Structure formats: C-alpha cells, structure tokens
Amino acid sequence: MKTNEIIQTLRTLLVPIVGIVVLGAITFFGGTFMYNKIVELRDQITVARDEESALRTKLDVLTKFSLQGADMSRKVAIAFPENNSSLAVISQLRLSASTLGVSADQIKVGKGIAEDNLVYVDIDFSTHADMATTLTFLESLKKVAPLGLLRGVKISFVGADGEGVITYRTYWSALPTEVAPVGAAISDFSEEDRKIIQQLTALIPPETVNVAPNTPGENLNPFGL
Amino acid sequence: MKNRINLLPTDLRGASSASKLSKTISKILVILTVILIVLGVASGGYMFFLTKQFEAVQANASEITGKITALGPAEQQFTLVRDRVDKLKPFITKKSTGDSLGLLKDLIAQFPTTIKINEVQVDENHLEFAINATASSDLVSVFSTVSSDELFSDVFLENFGYNATLGYSATLKMTIK
C-alpha cells in the first residue's frame, strides 16, 4: 500500500474514531458523575427517611405521653425525689404507725451513700406492737411515697408484744438538667419500665399542708408594736 | 448489470474497506449517541425525581420537628420519668425484704396456733425464726410446712433444744429461692 493510500485511509477513519473516543469519554465521565450523584441522593433519602421515622416515633410517643405526662411526672418526682427523702419517709412512717397503733421510735438516719447515679440512706427505727400489726405496718410502708425498701426486719417477742428493729432504705437523685435535642430519637417505655412507673405513681404522697396567705388588712397603728 | 465506476484520482480514493468501516462506525456512533442521550435524559429525570423525594422527606421531617417542639413540656416530663425509671431500675427490680415479709406472713398462718414465736428475722434472701412448742407434734407440723414449701432452696435447723417448762425450742433459717 502506498503512503498516500495509508494517509487517505487514516483520514477516512479519523472522524469516526475521534467520535468514538469522545463518546466513550462522555459516557465514562458523565456516567460516573450521574451514578455517584444518584447513589449520593439515594443515601441521603435513606438517612432522611430513617430520621423522619425516628421523629415520627418520637412524636407518637410524646403525643401519647402528653395525655398523662404532667400527673405522671409529678408523682414519679415525689416517689423518687431530687433531695434527701429521709424526712418525708420519717413523716410517712410515723403517720402510718399512728394510724395502725404501732409505736415507732428510736429513729436514726444514716449517712447518704452514692451508688449508680443515685443516693440512698438507711433509716433505722424500732417498733412496738404485736406480730400481725407490725407486719401490716411494714407492708403499709410499701404503699407510701417517697419510695423506700425494707432492708432488714428483726422482731423479738415477749408475750404478745413484739419489739421490731427495722432498717428501711430510701433513695433520691438529682433531676436531669438537659433535654435531648429535638432530632434525637427516643424509645417508648418498655413493659418493665411501665411496671416501675405504675409502682411509683401508685404510692401515696406525703401529706403537705398548704397555708393560705393572709389577706392584707388595714394597719391602724403602723408605729405600734 | 450495472458497473460502478470511481472517477476520483487513485491517490484521492480511500481504500474501499476503510470507507465501509468508517460508515459502519459512524452508524454505530449515531446509535450510541442516541442511546447516550436517552440514558442521560432518563438519569436526569430520575435524579430530579430523587431530589423531589428527598425534599418531600425533609419537609415532612421539618413538619414533625415543629410538632415535637410544640410538645416541649411533654418531652421534659418524659425525660424526667425516663431518668427516674432508669436510675431506679437496678434497685427496684431486686428481691426485697418486703417480698420476704409476705412469705413470712403466709408461712406463720399455716403454723399450729399453739406455736409460740420468739423471734423473727427477715432480709431479702432469708427468713429466720425462733419458736417454742409444747407438743412435739406441733414442731413436726412446723418442720413439715417449712420443708414442703417450694419457695425455699435451703432449710437449716440452726438450734434445737428441750426445756421441761417451755417445751421444745427451735431456730429455723430458710434461704429464699
């Protein structure tokens, strides 16, 4: 083949070959770009859908909770308060003891011990009553707020009279100071959680006396004592 | 029969096979270009659809966030209840002496009325009581009640004695399952 013929052949094939190269480059770069963009968008949609689902769950949980939330949180905060609950517990046990005719004395409050994000204190006291009344009294403590758990019971009898040495433990803990961000997911209470909430909200709160403020009256002699 | 003639000078004539190849490539090129354009338009459409879908999901999430923000007080109360429950759970779910008291009450109710209880000691894992019995049959009844109760894993006879005035005395200690 002559040189002229070779040049002529190459000239004839040049345009289609360049076309194929350009098309291939466009397909490769454009395709890669489009593919990456589509994958990125799909990933973003998946993440956004997960977030939306978590938010919807949170909204459902909060909407359901809001129907009884104020009352529930108030009762739970009384049952498990933020400050030392020993005074309220002593008040409750004295009230319960006097109602049932049990003599409760020698009340001693121990030192608060911090453990696992809460503080507990042991309250030791003595009781004087017959067996049945003492047991009824001790069982009544399970029904009053602030929450407490019996730790030790020893009852000695002389005739029908029993002298009990009781150790009762009560708990408190600081309140949470932060609420999770709006977008943060929350899960509903489990069955076990609900049982605990039911137990806490069923406790009888300590009686508080609300003193009505005095209405302002006329002071006839502001300088008199 | 027709004869094809080529009037171009020989040096300007392309090789006939190259010319055919060029035409074939050009045709393929056109077809590929059309396919590429169609794919490009389809991909663009799909991207537009995905973008709209993403915006719709985001708008929905934003609307829900607004509703959650409006439920701020409920969220605070929920956080408080969750905090209290989580902190108490390890303590409240444990066995307690209060539970043991219920067992004690049920057990004593089954004892013969002539049994005299001198001392009772209860904690979350054990029940212990010291008793007096004037008749050995009463004591046997107590032992049989305690040993047949499936709530105890162990029953120990800690002390046993006899006194002519008080009768039999025994101290029993049970480990609660």
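All figures in this text were calculated on a predicted structure; none of them were measured in a lab. (Residues numbered from 1 in each chain as written. Chains lettered and ligands numbered in written order. Predicted model: local features only at pLDDT ≥ 70, side-chain atom pairs only at ≥ 80, totals over all residues. Heavy atoms only, no water.)

A closer look at the pairing of strand E3 (residues 118-129) of chain A
Residue and element names in this part refer to chain A.
Reasoning step 1: Note: strand E1 (residues 103-109) against E3, 5 bridges, orientation antiparallel. By the bridge assignment for E3, Lys 108 is matched with Asp 124.
Reasoning step 2: Direction of pairing for E3 relative to strand E5 (residues 161-172): antiparallel, over a ladder of 11 bridges. Note that in E5 the partner of Thr 127 across the bridge is Gly 164. (Pairing = 2+ DSSP bridges. Helix = DSSP H or I, 4+ residues; strand = E, 2+ residues; numbered from the N terminus.)

A look at the pattern of salt bridges
Reasoning step 1: One pass over the full model with this rule turns up 16 salt bridges over all chains.
Reasoning step 2: Residue Arg 74 of chain A is joined to Asp 71 of chain A by a salt bridge in which the shortest nitrogen-to-oxygen separation is 2.9 Å. Linking Arg 74 of chain A with Asp 71 of chain A, this pair stays in helix H2 (residues 69-79), spanning 3 residues, or about one helical turn.
Reasoning step 3: Using a relative accessible area of 45% as the deciding quantity, one classes Arg 74 of chain A as partly exposed.
Reasoning step 4: Between Lys 52 of chain B and Glu 55 of chain B there is a salt bridge; the shortest N-O distance is 3.6 Å. (Salt bridge = Lys/Arg side-chain N within 4 Å of Asp/Glu carboxyl O. Buried < 20%, exposed > 50% of the residue type's maximum accessible area, 1.4 Å probe, protein only.)

A word on the confidence of the model for chain B
Reasoning step 1: In the predicted model, chain B carries a mean pLDDT of 88, and 93% of its residues have values of at least 70.
Reasoning step 2: This prediction of the complex comes with two scores: 0.77 for pTM and 0.81 for ipTM. (pLDDT = per-residue confidence, 0-100.)

Focus on the interface of chain A and chain B
Reasoning step 1: Contacts between chain A and chain B engage 79 residues on the former and 68 residues on the latter.
Reasoning step 2: Summing the contributions of chain A and of chain B, the shared interface buries around 6,700 Å²; its carbon and sulfur component is 73%.
Reasoning step 3: Counting the contacts that link chain A with chain B gives 5 salt bridges.
Reasoning step 4: Asp 193 of chain A is paired through a salt bridge with Lys 89 of chain B; the nearest N and O atoms lie 2.7 Å apart.
Reasoning step 5: At the boundary of chain A with chain B, the tally comes to 22 residue pairs in polar contact (both at pLDDT 80 or more).
Reasoning step 6: Counting only elements with at least two residues in the side of chain A that touches chain B, the list comes to helix H1 (3-66), H2, helix H4 (131-140), strand E4 (148-158) and helix H5 (191-201) of chain A.
Reasoning step 7: Examining the composition of the side of chain A that touches chain B, we find that 30 residues originate from one element, H1 of chain A, more than from any other.
Reasoning step 8: Across the side of chain A that touches chain B, the residue classes tally to 44 nonpolar, 18 polar and 17 charged. (Contact = heavy atoms within 4.5 Å. Buried area = accessible area lost by both parts, 1.4 Å probe. Polar contact = N/O pair within 3.5 Å; in protein donor to acceptor, adjacent residues only side chain to side chain. Nonpolar A, V, L, I, M, F, W, Y, C, P; charged D, E, K, R; others polar.)

A closer look at the nonpolar core
The tendency in soluble globular proteins is for nonpolar side chains to be buried side by side.
Reasoning step 1: In this structure, Phe 125 of chain A together with Leu 104, Leu 127 and Phe 129 of chain B are the most contacted members of the largest nonpolar core, which totals 42 residues.
Reasoning step 2: The greatest single-element share of this core, amounting to 5 residues, is contributed by helix H3 (residues 97-109) of chain B.
Reasoning step 3: Residues within four places of Phe 129 of chain B in sequence aside, it is in contact with Leu 104, Leu 107, Phe 111, Glu 119, Val 120, Val 142, Val 146, Ala 170, Thr 171, Leu 172 and Met 174 of chain B. (Core = buried A, V, L, I, M, F, W, Y, C linked by side-chain atoms within 4.5 Å.)

What about the packing of aromatic side chains?
Reasoning step 1: Scanning all chains against the criterion turns up 11 aromatic pairs over all chains.
Reasoning step 2: With a centroid separation of 5.1 Å and 75 degrees between ring planes, the pair formed by Phe 28 of chain A and Phe 29 of chain A is classed as edge-to-face.
Reasoning step 3: We classify Phe 28 of chain A as exposed; its relative accessible area is 54%.
Reasoning step 4: Measuring from ring centre to ring centre gives 5.3 Å for Phe 65 of chain A and Phe 78 of chain B, while their planes differ by 85 degrees; the resulting arrangement is edge-to-face. With Phe 65 of chain A in helix H1 and Phe 78 of chain B in helix H2 (residues 72-92), this pair bridges two chains. The exposure classification of Phe 65 of chain A matches that of Phe 78 of chain B, with both residues buried.
Reasoning step 5: Through a chain of ring-to-ring contacts, the aromatic side chains of Phe 65 and Phe 189 of chain A together with Phe 78 of chain B assemble into a single cluster. (Phe/Tyr/Trp six-rings, centres within 6.5 Å; stacked < 30°, edge-to-face > 60°.)

Digging into unusual backbone geometry
All names here are of chain A.
Reasoning step 1: In this model, Ala 145 is joined to Pro 146 through a cis peptide bond whose omega is 0 degrees.
Reasoning step 2: Summarising the element assignment, Pro 146 is placed in the loop between H4 and E4.
Reasoning step 3: The phi dihedral of Gln 106 falls on the positive side, at around 50 degrees, and the residue is not glycine.
Reasoning step 4: As for its position among the elements, Gln 106 is in strand E1.
Reasoning step 5: Judged by its relative accessible area of 53%, Gln 106 falls in the exposed class.
Reasoning step 6: Of note, the phi angle at Asp 116 is positive, near 45 degrees, even though the residue is not glycine.
Reasoning step 7: Here Asp 116 shows up in the loop between strand E2 (113-115) and E3.

Some words on the side chain of Ser 73 of chain A
Reasoning step 1: When you line up the elements, Ser 73 of chain A lands in helix H2.
Reasoning step 2: For Ser 73 of chain A, a relative accessible area of 9% corresponds to the buried category.
Reasoning step 3: There is a polar contact of 3.1 Å between the side chain of Ser 73 of chain A and the backbone oxygen of Ala 70 of chain A.
Reasoning step 4: Residues in contact with Ser 73 of chain A, not counting those within four places in the same chain, are Gln 77, Leu 80 and Val 81 of chain B.

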